[in-house]
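Chains, contacts and geometry: an overview
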Amino acid sequence: MRMLHTMLRVGNLERSLSFYQEVLGMKLLRRSDFPEGRFTLAFVGYGDEADHTVLELTHNWDTESYELGNGYGHIAIEVDDAYAACDMARAKGGKVTREAGPMKHGTTVIAFIEDPDGYKIEFIQRGNR
């Protein structure tokens, strides 16, 4: 068994694709429209789905936004340098919600940014876990 993907519902697919591709450097792996169901699925990630876990962005054509609820946590991405990753995300229009630095009660260097729909993405600096 292996994990295939995590699905996020997004209100504006083009805005979300722009964020995940331009700010986080992911690639659009595949995209499918389902006109009869009025939704689009777009899969993004850092590598081929055969070898990597990816994100499925689901856009329901008639829904502009979602309530995130209080059970969702975040997506974690390993980076070489969390400080530089925050600077890069900010320069490309990303919203940094927690600057890079050691986590409370630990030494792992982390940071958080937010995607256009409010989903949190954690940067974890490589070699710190």
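Just so we're clear, the structure is a prediction, and the values are computed from it rather than from any experiment. For every chain, the first residue of the written sequence is number 1, and numbering continues from 1 along that sequence. Totals for whole chains, interfaces and linings use every residue, but because this is a predicted model, local features are given only for residues with pLDDT of at least 70 and side-chain atom pairs only at 80 or more, for both listing and counting. Working from all heavy atoms in the structure, the side-chain values ignore hydrogens and water.

Re the pattern of salt bridges
Counted as salt bridges are all cases of a side-chain nitrogen of Lys or Arg within 4 Å of a carboxyl oxygen of Asp or Glu. One pass over the structure, following the stated rule, counts ten salt bridges. A salt bridge links Arg15 to Asp117, with the shortest nitrogen-to-oxygen separation between them at 3.4 Å. With Arg15 in helix 1 (residues 13-23) and Asp117 in the loop between strand 7 (109-114) and strand 8 (120-125), this residue pair connects regions lying 102 residues apart in the sequence. A salt bridge links Glu114 to Lys120; the nearest nitrogen and oxygen atoms lie 2.5 Å apart. According to the relative accessible area criterion, Glu114 is buried, its value standing at 17%. The class for Lys120 is partly exposed, based on a relative accessible area of 29%. Numbering goes from the N terminus for both helices and strands, where a helix is a DSSP run of H or I of at least four residues and a strand is a run of E of at least two. Classification of residues uses two cut-offs on accessible area relative to the type maximum, computed with a 1.4 Å probe and protein chains only: under 20% is buried, over 50% is exposed, and between them is partly exposed.

Considerations on the side chain of Asp115
Mapped onto the fold, Asp115 is located in the loop between strand 7 and strand 8. One buried charged residue, Asp115, forms no salt bridge at all, with the nearest opposite charge on Arg15 at 7.0 Å. Not counting chain neighbours up to four residues away, the residues in contact with Asp115 comprise Phe19, Tyr20 and Ile121. Here Asp and Glu are counted as negative and Lys and Arg as positive; His is not counted, and neither are the chain ends. We call two residues contacting when some pair of their heavy atoms lies within 4.5 Å.

Considering the environment of Asp117
In this structure Asp117 comes out as buried when scored by relative accessible area, which is 15%. Sequence-wise, Asp117 and Leu68 are 49 residues apart; in three dimensions their C-alpha atoms are separated by 8.6 Å. Not counting the four nearest positions on each side in its chain, Asp117 is found in contact with Val10, Gly11, Arg15, Ser16 and Leu68.

Description of the UniProt feature "binding site: Zn(2+)" (unreviewed entry) in the protein
UniProt positions are given in the numbering used here, feature names are shortened, and annotations may be inferred rather than shown by experiment. Per the UniProt record, "binding site: Zn(2+)" (unreviewed entry) is annotated on Glu56, His74 and Glu122. Lining residues of the largest pocket drawn from the annotated set just named are His74. When you line up the elements, Glu56 lands in strand 4 (residues 54-60). By relative accessible area, which is 10% here, Glu56 ends up buried. Tracing the chain through its elements places His74 in the loop between strand 4 and strand 5 (75-79). For His74, a relative accessible area of 39% corresponds to the partly exposed category. Cavities and pockets were defined on a 1 Å grid built over protein atoms only: a cavity is a set of grid points that admits a 1.4 Å probe from which the probe cannot escape, a pocket is an open set flanked by protein on both sides within 12 Å along at least five of seven lines, and lining residues are those with an atom within 4 Å of any such point.

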